[in-house]
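Each chain, written out:
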Amino acid sequence: MSKESYTFKSVDLNSDRTELHDLLNLTGCEVSINNMAPNTQAPFFPLPQRE
């Protein structure tokens, strides 16, 4: 059996945006936590559609 180890990380949940890439040593992945007020929309911009 292999022994699993865990490391706990903490983030500021009151921050507008928290990038997790460096904190979690991720590669090839972009993960973030966004904190938005109720009834607001995320500012996502769709990619142009190919014809």
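Not every positive phi belongs to a glycine, and Asn25 is a case in point at roughly 55°. Take Asn25: it is sitting in the loop between β1 (17-19) and β2 (32-34). At Asn39, a residue that is not glycine, the phi angle is positive and equals roughly 65°.

Here the focus is the pattern of salt bridges. For the coordinates displayed, the defined rule picks out one salt bridge. The closest approach of N and O atoms between Glu19 and Arg17, which form a salt bridge, is 2.7 Å. With relative accessibility at 40%, the residue Glu19 sits in the partly exposed group. According to the relative accessible area criterion, Arg17 is partly exposed, its value standing at 44%.

Moving on, we come to the environment of Ser10. With respect to the helices and strands, the residue Ser10 is situated in the segment before β1. Accessibility expressed as a relative area gives 66% for Ser10, which makes it exposed. As for Ser10 and Gly28, which are separated by 18 residues in sequence, their C-alpha atoms are 22 Å apart.

This part takes up the environment of Ala42. Its place among the elements puts Ala42 in the segment after β2. Taking the relative accessible area as the measure of exposure, Ala42 reaches 36% and is therefore partly exposed. When the C-alpha atoms of Ala42 and Phe8 are compared, they prove to be 28 Å apart, with 34 residues separating the residues in sequence.

Parameters at a glance
Residues numbered from 1 in each chain as written. Predicted model: local features only at pLDDT ≥ 70, side-chain atom pairs only at ≥ 80, totals over all residues. Heavy atoms only, no water. Helix = DSSP H or I, 4+ residues; strand = E, 2+ residues; numbered from the N terminus. Salt bridge = Lys/Arg side-chain N within 4 Å of Asp/Glu carboxyl O. Buried < 20%, exposed > 50% of the residue type's maximum accessible area, 1.4 Å probe, protein only.

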